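Tertiary structure, described
Given next are the chains, with one letter for each unit.
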Amino acid sequence: MLRVAVVGSGPSGCYTAQHLVQQDAEVYVDVLDRLPCPYGLVRYGVAPDHEKIKSLQSSLRTVLEHERVRFLGGVRVGGPGGLPVKVLRGLYHAVVYCVGAATDRRLGIPGEDLPGSWSATDFVAWYSAHPDAAGADCLRGVRSAVVIGAGNVAVDVTRMLVREAAELRPTDMPQAALDALTASGVAEVHMVARRGPAQARFTTKELRELGTLPGTEVVVEKDDLALDPVGPEALPAVQRRNLDVLRDWAERPPAGAGRQIRLRFFLRPVELLADGGRVGAVRFERTAPDGRGGVTGTGRYEELPAQLVLRSVGYRGVPLEGLPFDESSGTVPHMAGRVVRDGAASPGEYVAGWIKRGPSGVIGTNRPCAKETVASLLVDAPALARADVPADPVPALRAAGIEPVSWDGWLAIERAEAELGARLGRGVVKLADWETLLAVARSS
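Criteria and thresholds
Sequence positions are assigned chain by chain, starting from 1 and proceeding in written order. Per-residue local features of the predicted model are confined to residues with pLDDT of at least 70, and side-chain atom pairs are confined, for both listing and counting, to 80 or more; whole-chain, interface and lining totals are unaffected and use all residues. Side-chain calculation: all heavy atoms of the structure are included, whereas hydrogens and water are not. UniProt positions are given in the numbering used here, feature names are shortened, and annotations may be inferred rather than shown by experiment. Here a strand is any run of E in DSSP of at least two residues, a helix any run of H or I of at least four, and the numbering for each starts at the N terminus. Atoms counted for the radius of gyration: C-alpha only. Globule rule: 2.2 Å times residue count to the power 0.38. Contact between two residues is taken to exist if any of their heavy atoms lie within 4.5 Å; hydrogens are not considered. The Shrake-Rupley method, run with a 1.4 Å probe sphere, supplies the accessible areas, and residue values consider only the shown protein chains as cover. Only four residue types enter the tally: Lys and Arg on the positive side, Asp and Glu on the negative side; His and the chain ends are excluded. The location of each charge is read from NZ of Lys, CZ of Arg, CG of Asp or CD of Glu. Think of it this way: DSSP has to see at least two bridges between two strands before they count as a pair. Here an axis means a line fitted to C-alpha atoms, over the contact stretch when the element is a helix, while the angle between two N-to-C directions is reported on a 0 to 180 degree scale. Exposure categories follow from relative accessible area, calculated using a 1.4 Å probe and restricted to protein chains: below 20% of the type maximum is buried, above 50% is exposed, and the middle band is partly exposed.

The chain is annotated in an unreviewed UniProt entry as ferredoxin--NADP(+) reductase of Streptomyces misionensis. The Sequence similarities (unreviewed entry) comment attached to the chain in UniProt states, word for word, "Belongs to the ferredoxin--NADP reductase type 1 family." What UniProt states about the chain under its Cofactor (unreviewed entry) heading is, verbatim, "FAD".

Right under this line is the structure:
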C-alpha cells in the first residue's frame, strides 16, 4: 500500500488524486489544503456569474469522495505556523505539490502601491469570498476604473464592476461584496492593453459578454484597430473572431448608456498618479508595433482618470519554504514532475499544475500535466513503498498543533452557506471569513 499526500485541492490536485487511484488500486491519497474549503481556483477564482465553469466542482467532488481519497482542510504546509516540508515528507511515501501560482505579476512602475491600486487577483478573491481577502473600501468614491490587461481575468473584473444588482444577486457572492458592488458609482471602466487586439488573450465568448450587460455600452476606438499590422487571414480563429467583435463595436454610434466600458490598445502604463494620497489617474505611453510581434514606445503619453486600478498581467508562483524554487519562471524545478534538488530528482517529491509548468493553459490542461507526474510517481512507487510511514498521518498532524478539517466539516460549511442564502432570500451565499468557516467546520 502506498500513501500519497497531494498538497492543494484545486483542479491539478484533484486530477492528480484521480489518476493515482485510477491507475493503482493500492494507493491511498490524502488531499491537503490550507483552506477549510476544497476546489482551489474553481471556488475562489471563477467569476460568480459563470455557473457553467463553477459546475466543475461536481466532478472534483466525485474525486474527493472516492473511497481511497481523503480531504484534509486547514493544513498549512511550509511557512510560519505551517507543517515543515521535511516533516510532511516523513508522513507519506510520496508528496505531490499542487499549490498553483498564488500571487500576481507586478507592473514595476511608480505609484503601483498607492491606495486604490489592487491586483485583479486580490479583487477576484474579495468578491469570491476568499478568507484572506481584504475589505471593500476599494470601491468607495470610485467613478472611473482602469483595468490593465487583456486576458479573461481582466474581462471578468471589468464585467463585475458594472454588473447590476439583479444580475449579481442570484450568484453565491458574499453579501458584503454584493452590497459594495451594487452600491458603487462606477460609471466608466477602461480595459487597457500594451499590445494590439490581435495579441489579446481573452476568448471570444468572454469578450462578447461585455456587450450584453444592461445599461452598459462598449466603446472601441477605430484608430486602435487600424494600428494592428497583422492581417486577419494570418491570425488563429479565436483572434479573428475577437477582431470581428471589436470592429462591430467600433462601428456602432454612441448609445448614451449610463455606464461605459472602453477597450484601449497600444498603451503601456508608466506611472500611477496620486490625488489626495490615493490613485487619481494612470499615465500611459502610446506604443506601436515593432514588426516582431512586440511593441515599442513612441514617446507620446496620455492620462486616464481612475480612482481604482486593477492590474491583470498574469499570475506567478511563490516559493514554498523547504522546496527548491526557480525565481525566473516562478516554478519548482522538476523532471517530468519529479522535484529536482541539486541537479537530481528528489525521491518522493513531485509537482503538478501551475507550480510545475507556470500559469498557462485552461483548467483541462491540468489533466495531462497531472497524468505525467503520476506516471513518474508510479514508476518510482516500488522503491518509495519500502519507507516506514504512519498508517494514519492525522495523529502526527494533531501532535504538531494542526487540527484538519474533514470532509464532513466541508459539508457543514456547504449547509451553512445554503442556510445563509435562504435567510437572505438568495441561493447559496459564501461564508467569507476564517473564524466563521472554521467554527462551522469544527461544529460538525
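Okay, the overall build of the chain next. Check the secondary structure of the chain and you find 17 helices and 18 strands. Taking 2.2 N^0.38 as the reference for a compact globule, 444 residues should give roughly 22 Å; the C-alpha atoms of the chain span a radius of gyration of 23 Å, in line with that estimate. Over its C-alpha atoms, taken along the principal directions, the chain stretches across nearly 70 × 55 × 40 Å. Put simply, 74% of the contacts in the chain that link residues at least 6 apart link residues at least 24 apart. As displayed, the chain has an accessible area near 18,800 Å², and 52% of this comes from carbon and sulfur atoms. Side-chain charges of the chain comprise 52 positive and 53 negative groups, with the mean position of each set lying 2 Å from the other.

A few words on the sheet that holds strand S4 (residues 94-97). Taking strand neighbours across the sheet as the criterion, the seven strands line up as S3-S2-S1-S4-S18-S17-S16 in an open arrangement whose pairing is mixed. Looking at which strands have only one partner, the edges of the open sheet turn out to be strand S3 (69-72) and strand S16 (334-335). Relative to S3, strand S2 (residues 27-32) runs parallel, the two being bridged by four bridges. Bridge pairing in S3 places Asp 30 opposite Arg 70. Helix-sheet contacts for helix H14 (residues 366-384) involve strand S1 (2-7), S2, S4, strand S17 (338-341) and strand S18 (344-351), and the interaxial angle to S18 is about 115°.

The strand order across the open sheet formed by three strands is S11-S12-S13, and the pairing between neighbours is antiparallel. The two strands at the open ends of the sheet, each matched to only one other strand, are strand S11 (267-275) and strand S13 (295-305). Going across the sheet, the axis of each strand differs from the next one's by a mean of 25°, ignoring polarity. Relative to S13, strand S12 (residues 278-289) runs antiparallel, the two being bridged by eight bridges. Residue pairing for S13: Val 282 is matched across the bridge by Leu 304.

A separate point is unusual backbone geometry. In this model, Tyr 39 sits at a positive phi of 90°, which is unusual for a non-glycine residue. By secondary structure assignment, the location of Tyr 39 is in the loop between S2 and helix H2 (41-44). Among the residues examined, Tyr 39 registers a relative accessible area of 1% and is labelled buried. Even without a glycine there, the phi angle at Asp 342 is positive, about 50°.

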